[in-house]
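The residues making up each chain are set out below.
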Amino acid sequence: AREARLIDGRQAASRLRAAIAAEVAQLGRDHGAVPGLAVVLVGADPASEVYVRAKGRAMREAGMESHEHRLPADTAQETLLALIDRLNADDRVHGILVQLPLPAQIDTQAVIQAISPDKDVDGFHVLNVGRLALGQQAFVPCTPRGCLMLLRQVLGDLTGKEAVVIGRSDIVGKPMAQLLLGQNCTVTLAHSRTRDLPAVCRRADILVAAVGRPEMVRADWIKPGATVIDVGINRIERDGTSRLTGDVDFAAARGIAGAITPVPGGVGPMTIACLLQNTLDAFRISRRRAAPC
Ligand code: NDP
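Residues numbered from 1 in each chain as written. Predicted model: local features only at pLDDT ≥ 70, side-chain atom pairs only at ≥ 80, totals over all residues.

Membership of the largest hydrophobic core comes to 88 residues, with the highest contact counts inside it found for V165, L207, V208 and L276. Ranked by the residues each element gives to this core, the list is headed by helix α10 (residues 267-286), at 10 residues. Each of domain 1 (33-121) and domain 2 (141-268) contributes no fewer than three residues to this core. Once you skip the residues sitting within four places of it in the chain, V208 turns out to touch C147, V165, I166, M176, I229 and V231. (Core = buried A, V, L, I, M, F, W, Y, C linked by C-beta atoms within 7 Å. Buried ≥ 20, exposed ≤ 12 C-beta atoms within 10 Å, placed from the backbone. Helix = DSSP H or I, 4+ residues; strand = E, 2+ residues; numbered from the N terminus. Domains from an automatic or database assignment. Contact = placed C-beta atoms within 7 Å.)

Okay, structure coming up:
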């Protein structure tokens, strides 16, 4: 049997980052202006630390400014909201990202909704969620935006495709479904209460798995030739070593799918590249220039 084409997210992300860096350099030459992202980290969650460092590095590599704000784990909500207010008013800050999860004493929604919608590069503000639902220009969460870029790269026009998204989180599943609908797919949004998930998945020309359960999607859930996007990042112990795996049984799925993303090296790198893209879009909005989304 033929093996599925590997969708190389690292390569796609590095191309996108290079294009962004070139545009940032041009902006610097033409206007002497630099796009800036403020990243706010409350507490010292080790996974969050890793993400924040990676985001800062990617920003600097693209020639953008990264303003990192680290607050202690016992920070009061008013303190964090006051910082958001200052960042909303700061002309050097075009995008604001509050690293989640936040400690229990802080109301996460209150913080997200306090971010100016024009600086909401995570796309979590209700205004951006609503704009996406209405098919208007909006900041789109980075992970689903990256998934769509990969799908467009592999398939071109998505019109009429059967798309199944597993997982209905606000961060991945729901916006992914909206984006696919916007591309004229016939979209099914599956979740933990879906009946006969394998049968639902077998309809999919495009299958996006965003669940958080290692290798849940078996090879016989996949329609032959389907394009499979594996968003899951799960750390598992196998043969005494710890490694990352996705939500799809990759080794078996490769013999059935037409194209598939590996984990790691698929969706993950695109997420950070899309954060850079969203920050550049925010910069363009701040200069009242149209930002293509
Ligand atoms: P959430 O935990 O917020 O959502 C998981 C979703 O999966 C829920 O909608 C849940 O359904 C559904 N689900 C759980 N169990 C099942 C099941 N047995 N059958 C069908 N559906 C099920 O996760 P996220 O969306 O935040 O993340 C999903 C995965 O993607 C995680 O592994 C995460 O680490 C990864 N991720 C990767 C990123 C990247 O850059 N590559 C970025 C963000 C996340 P219900 O709503 O009914 O409970």
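There's plenty left to go through after this.
Right, let's talk about α10 for a bit. Here α10 contains 20 residues, and its C-alpha end-to-end distance of 28 Å stays within 8% of the 28 Å for a straight helix at 1.5 Å per residue. Across the 20 residues that make up α10, a large majority, 17, are buried. Backbone geometry just after α10 places R288 at a positive phi near 55°. (Expected span 1.5 Å × (residues − 1).)

Taken together, 25 residues are adjacent to the ligand, and G167, S169, S192, G212 and T271 come closest. Of the residues forming the shell around the ligand, the biggest block, three residues, is contributed by α10. Taken together, the residues of the shell around the ligand break down into 10 nonpolar, 12 polar and three charged. (Near = placed C-beta within 6 Å. Nonpolar A, V, L, I, M, F, W, Y, C, P; charged D, E, K, R; others polar.)

As a further point, take the environment of G182. Mapped onto the secondary structure, G182 falls in helix α7 (residues 173-182). According to the C-beta neighbour criterion, G182 is partly exposed, with 15 such atoms within 10 Å.

Residues annotated by UniProt as "domain: Tetrahydrofolate dehydrogenase/cyclohydrolase NAD(P)-binding" (unreviewed entry) correspond here to residues 141-284. Secondary structure within residues 141-284 divides into 35% helix and 21% strand; the distance between the first and last C-alpha atoms comes to 18 Å. (UniProt positions renumbered as here; feature names shortened; annotations may be inferred.)

We now examine helix α1 (residues 9-31). If you check α1, its first and last C-alpha atoms are 32 Å apart, about what 23 residues at 1.5 Å a residue would give, namely 33 Å. Listing the buried residues of α1 in full gives G9, A12, A13, L16, I20 and V24. The inward-facing, buried residues of α1 abut α6 (142-155) and α10. A positive phi of about 60° marks G32, the residue just after α1.

Remember that side chains alternate between the two faces of the sheet whenever the strand is regular. Bridging between strand β2 (residues 36-42) and strand β3 (residues 65-71) involves seven bridges; their strand directions are parallel. Its bridge partner lying in β3, V39 is registered against E68. Following the chain from β2 across helix α2 (residues 46-61) to the adjacent parallel β3, one finds a crossover that is right-handed. (Pairing = 2+ DSSP bridges. Right-handed = clockwise from strand over helix to strand, strands pointing away.)

As a further point, take the sheet that holds strand β6 (residues 186-190). Sheet strands pair via backbone hydrogen bonds, and the direction of the pair is either parallel or antiparallel. Spatial strand order, β1-β11-β8-β7-β5-β6: six strands in an open sheet with parallel pairing. Strands with a single pairing partner mark the edges of an open sheet, and in this sheet they are β1 (5-6) and β6. Bridge analysis of strand β5 (residues 162-166) against strand β7 (residues 206-209) gives four bridges, and the strand direction is parallel. Paired with I166 across the bridge in β7 is A209. Seen against the sheet, α6 touches β7, β8 (227-230) and β11 (259-260) and runs at an angle of roughly 160° to β8. Packing against the sheet, α7 makes contact with β5, β6 and β7, and its axis sits at approximately 170° to β6. (Axes fitted to C-alpha atoms, helices over the stretch in contact; angles between N-to-C directions.)

Strand order across the open sheet formed by three strands is β3-β2-β4, with parallel pairing between neighbours. Only two strands of the sheet have a single partner each, and these edge strands are β3 and β4 (95-98). Taking each pair of neighbouring strands and ignoring which way they run, the sheet shows an average axis angle of 15°. Packed on one face of the sheet, helix α3 (residues 77-89) meets β2, β3 and β4 and runs near 175° to β2.

What follows covers the pairing of β6. Pairing of β5 with β6 involves five bridges; the strand directions are parallel. Paired with E162 across the two strands is T186, which belongs to β6. In this region the chain leaves β5, passes through α7 and returns to the parallel neighbour β6; the handedness of that crossover is right-handed.

On to the confidence of the model for the protein chain. Confidence along the protein chain averages 96 in pLDDT terms, with 98% of residues attaining 70 or more. Quick note on the complex model: pTM equals 0.96, ipTM equals 0.99. (pLDDT = per-residue confidence, 0-100.)

To continue, consider the packing of α6 against α7. Here α6 crosses α7 at 40°, and the two axes come no closer than 8 Å. Pair α6 / α7 crosses with right-handed handedness. Across the interface between the two elements, P144, C147 and L148 from α6 touch P175, M176 and L179 from α7. When grouped by side-chain class, the residues that make up the contact of α6 with α7 number six nonpolar, no polar and no charged. (Left-handed = near helix turned anticlockwise from the far one by under 90°.)

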